[in-house]
Amino acid sequence: MCGIVGYIGRHQATPFLLEGLSKLEYRGYDSAGIAVYHDGKIDVEKCVGRLDALRQKLIGHEPVGTVGIGHTRWATHGKPSDINAHPHVDDTGMFAVVHNGIIENYMPLKQELVKKGHHFKSQTDTEVVPHLMAEYYNGDFEATVRKVLSIIKGSYSLVFLCAKEPDKIICAKKNNPLVIGLGKGENYIASDIPAIISKTRDTYILADGEMAIVMADSVRVTDLNGKPVDKKVFRVTWDAEAAEKGGFEHFMLKEIYEQPKCVRDTLRGRLSRENDEISLPELNWTPDFLKKLRKIFIVACGTAYHAGIVGKYYIEKMARIPVEVDIASEFRYRDPIIDDSCLCIVISQSGETSDTLEALKEAKRRGAATMAVTNVVGSSIAREADQVIYTYAGPEIAVASTKAYTTQLIIMLILSLYISKLLGKIEDKRLHDLIQGILRIPEQMHEILENVDPIKVFAANYASCEDAFFLGRSLDYAVALEGALKLKEISYIHAEAYAAGELKHGTLALIEEGVPVIVLATQPHVYDKTISNLQEVKSRGAIVIGIGMQGDKELAKHANSVITIPQADEELAPILAVIPLQLLAYYAALARGCDVDKPRNLAKSVTVE
Ligand code: F6R
């Protein structure tokens, strides 16, 4: 999730572009750039690193001009570098483009454009856009944008500048945010409100499938066929801090609500609804390579480790390859039995966690093939691993990981399907059902997020408790671990997760009158056993909140209250069931007055041992 700004008016564009981008810095980025029109040409300046690096670069030759666009990049395709930074231009420099999102079909488009004589400089998906503009330009900027939008597939907020028609900036949106700030004799464009809030509070919030032709004195919004759209002015009443959080009280809540989009982005281009194809071109594994694997190790820390536990269930169940999951700080010092007959998968949101990085190096030293699942392109872990699959969760700012976890689960799931398909271990019907189920997840997440009142009530009732327990069997146990971690790290309530069948081997002694116990019951094959464990704690006075599938009447009979998730295949349930637990932790922390986004003693990226 990169930052976008644009300006057209009477004043110099560069100062606003830099200021606007600085207001989006909190989102995280790895490079920055601007493009400003002047005297028949577009001047592009960009570089890897922080905005300050760009400011330094501009000293003495700041682009002059009253029309410009700017961008801070969070790499998705191609590592962070000067060349990969936006804006991107075509060979003649007539078009400059900034983009947030992913162009899914950029590869075939790029190949075609190269055949037609276009020269590409970057590794990005975005660069196809200015080349397409140059290829189809017929003297009508607006018509050419429409043509190009009809060709590209994927998600975008796109902003275009054309040296032949510098009286306008054109922008368009699909599945990525874009706002137009309305000024007097000047107008602004931004991917997010904080960038423009110091200039104007009157905005048009573009909807999917809309584009805007922004001139100094007017803004015209149309659909993709050119039909005018009557936009209502949205007056921003948030203060600057609330605007950064998109109107949410905390980044954590914003990120919880971003999960449907993050899952969609992570799935984009990887699963086909039509023919059950799984596309992971990042991996060059053959059936032969997989057949020779003696064991897969999954190594990670914290929440990413919990995603690894789910990954073990998936891979072992579907692909029937033994999997060992390790905490990175243990793995690196425990002399693991790992060699060239093994594959080591590391999972890390930041890609910089020191223990995970060192564990990865250790696995490599011992001859294992390595693969990373990470959210940060070009991170140390991404560079070190033989192969990388990226989650497209966008920058995660709250210390407590939420959207990174669900996208990690998505990757572990499609990876397991990919391996089992290559090995011929999964029946076509099962594969079909799972793929269709996965594609429904974003919608089902929305459904959960629209009905949070029962969670708020439970969090308010039990926010003053000192201890809480999370129980589950099979995949529910893996989710219980994550639920307990979320609760303890942000609300400081002592929380423990147990495999439900293990409780009676000691921990049951801690269950007494009034202790809240969250019981996950989404796994049909162990459902009855879970209910028995629920009864064991309930009969000892625990207040039980059950997390189950919609329509589960049995759970409602036994638990004190029930929170439901939409009906889903048992393999998919963890990706949904974790959301009520994230919300429970969030609202409990809120009720206790904790600093939700920055819990005490914790850092977002743990680069020390
Ligand atoms: C918990 C949390 C941490 C991280 C852990 C690994 O909410 O965020 O447990 O999951 O520090 O971090 P990454 O994934 O960046 O390696």
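The structure under discussion appears in the preceding block.
Predicted, not measured: the structure shown is a model, and the values here were computed from it.

Draft legend 1. Up close: the sheet that holds strand β23 (residues 543-549). Read across the open sheet, the five strands follow the order β21-β20-β22-β23-β24; overall the sheet is parallel. Edge positions in the sheet fall to β21 (494-499) and β24 (561-565), since each has one partner strand and no second. Pairs of neighbouring strands in the sheet enclose a mean axial angle of 20°, with direction left out of account. Here β23 runs beside β24; their pairing, made up of five bridges, is parallel. Bridge pairing in β24 places G546 opposite V562. The strands that helix α16 (residues 453-462) touches are β22 (516-521), β23 and β24; relative to β24, the one it contacts most, it runs at about 140°. Contacts from helix α17 (residues 475-491) reach β20 (467-472), β21 and β22 within the one sheet, and its direction differs from that of β21 by about 175°.

Draft legend 2. Structural view of the pairing of strand β9 (residues 179-182). Along β9, one buried face is formed by V179 and G181 and the opposite face, lined by I180 and L182, is buried too. Where β9 lies against strand β10 (residues 187-190), four bridges are found, and the strand directions are antiparallel. Paired with V179 across the bridge in β10 is A190. When β9 meets strand β11 (residues 202-205), the two strands line up antiparallel, connected through three bridges.

Draft legend 3. Structural context of the nonpolar core. Counting 103 residues, the largest nonpolar core has I296, I345, L415 and F470 as its most contacted members. Considering each element in turn, this core owes the most residues, 14 residues, to helix α20 (residues 573-591). What I296 contacts, discounting residues up to four positions off in sequence, is I315, I321, P322, V323, E324, L343, I345 and I419. Grouped together as the second largest cluster of nonpolar side chains are 52 residues, V67, I152, F160 and C162 included.

Draft legend 4. Geometry of the site of the ligand. The environment of the ligand is formed by 13 residues, the closest being S348, Q349, S350, T353 and E489. In the environment of the ligand, an oxygen atom lies 3.1 Å from a nitrogen or oxygen atom belonging to the backbone of T303. One nitrogen or oxygen atom from the side chain of S348 is found 2.6 Å from an oxygen atom belonging to the ligand. With the chains in place, 89% of the 410 Å² that the ligand exposes on its own is no longer accessible. Those elements giving two or more residues to the shell around the ligand turn out to be α10 (302-319) and α17. Ranked by residues supplied to the shell around the ligand, first place goes to α10 with three residues. A breakdown of the residues in the shell around the ligand according to their chemical character gives four nonpolar, seven polar and two charged.

Draft legend 5. Spatial organisation of the packing of α10 against helix α14 (residues 403-422). Interaxial distance between α10 and α14 falls to 9 Å at its minimum, and their mutual angle equals 20°. As summarised for this structure, α10 and α14 are arranged roughly parallel, according to the angle between their axes. α14 is crossed by α10, and the crossing has right-handed handedness. Counted together, T303, A304, H306, A307, V310, G311, Y314, I315, M318 and A319 of α10 and Y405, Q408, L409, M412, L413, S416, L417, I419 and S420 of α14 form the full contact between these two elements. A breakdown of the residues in the contact of α10 with α14 according to their chemical character gives 13 nonpolar, six polar and no charged.

Draft legend 6. Layout of the packing of helix α4 (residues 128-136) against helix α5 (residues 141-151). Between α4 and α5, the least distance of the axes is 9 Å, while the angle of their chain directions is 125°. Classified by the angle their axes make, α4 and α5 are oblique. Here α4 and α5 pass one another in a crossing that is right-handed. On α5, the residues that touch V129, L132, M133 and Y136 of α4 are F141, T144, V145, K147, V148 and I151. Residues belonging to the contact of α4 with α5 are distributed by class as follows: eight nonpolar, one polar and one charged.

Draft legend 7. Representation of helix α2 (residues 51-58). Along α2, the residues classified as buried are L51, L54 and L58. Axial view of α2: buried residues confined to an arc of 55°, hence all on one face. Away from its buried face by more than 90 degrees, α2 exposes D52 and Q56. Among the structural elements, α1 (13-23), β2 (31-38) and β3 (41-48) are those in contact with the buried residues of α2. A positive phi of about 90° marks G60, the residue just after α2.

Draft legend 8. Spotlight on the sheet that holds strand β14 (residues 234-235). As summarised here, the arrangement of the eight strands in space is β3-β2-β4-β1-β10-β9-β11-β14, forming an open sheet in which the pairing is antiparallel. Among the strands making up the open sheet, the edge pair consists of β3 and β14. With respect to the sheet, α1 is in contact with β1 (3-8), β2, β4 (67-73) and β10, its orientation differing from that of β1 by roughly 155°. Each of β2 and β3 is contacted by α2, which is oriented at about 130° to β3, the strand it contacts most.

Draft legend 9. Local environment of the environment of N105. Along the polypeptide, N105 turns up in the loop between β6 (95-103) and α3 (106-115). Through-space distance from the C-alpha of N105 to that of K153 is 5.8 Å; in sequence the pair is 48 residues apart. Ignoring anything within four residues of it in the chain, the contact list for N105 reads I151, I152 and K153. There is a polar contact of 3.0 Å between the side chain of N105 and the backbone oxygen of I151.

Draft legend 10. Region of the structure containing the side chain of Q582. On the secondary structure map, Q582 appears in helix α20. Assessed through its relative accessible area of 0%, Q582 is described here as buried.

Draft legend 11. Spatial organisation of the pattern of salt bridges. Taken as a whole and judged by the stated rule, the model has 42 salt bridges. Residue K312 pairs with E316 through a salt bridge whose shortest N-O separation is 3.3 Å. Of this pair, K312 and E316 both sit in helix α10, separated by four residues, roughly a single helical turn. A relative accessible area of 24% places E316 in the partly exposed class. With a closest N to O distance of 3.4 Å, E489 and K486 form a salt bridge.

Definitions and limits used
- Residues numbered from 1 in each chain as written.
- Predicted model: local features only at pLDDT ≥ 70, side-chain atom pairs only at ≥ 80, totals over all residues.
- Heavy atoms only, no water.
- Pairing = 2+ DSSP bridges.
- Helix = DSSP H or I, 4+ residues; strand = E, 2+ residues; numbered from the N terminus.
- Axes fitted to C-alpha atoms, helices over the stretch in contact; angles between N-to-C directions.
- Contact = heavy atoms within 4.5 Å.
- Buried < 20%, exposed > 50% of the residue type's maximum accessible area, 1.4 Å probe, protein only.
- Core = buried A, V, L, I, M, F, W, Y, C linked by side-chain atoms within 4.5 Å.
- Near = heavy atom within 4 Å.
- Polar contact = N/O pair within 3.5 Å; in protein donor to acceptor, adjacent residues only side chain to side chain.
- Areas by Shrake-Rupley, 256 points an atom, 1.4 Å probe, with all protein chains shown as cover.
- Nonpolar A, V, L, I, M, F, W, Y, C, P; charged D, E, K, R; others polar.
- Parallel < 35°, antiparallel > 145°, perpendicular 65-115°, else oblique.
- Left-handed = near helix turned anticlockwise from the far one by under 90°.
- Arc of directions from axis to C-beta.
- Salt bridge = Lys/Arg side-chain N within 4 Å of Asp/Glu carboxyl O.

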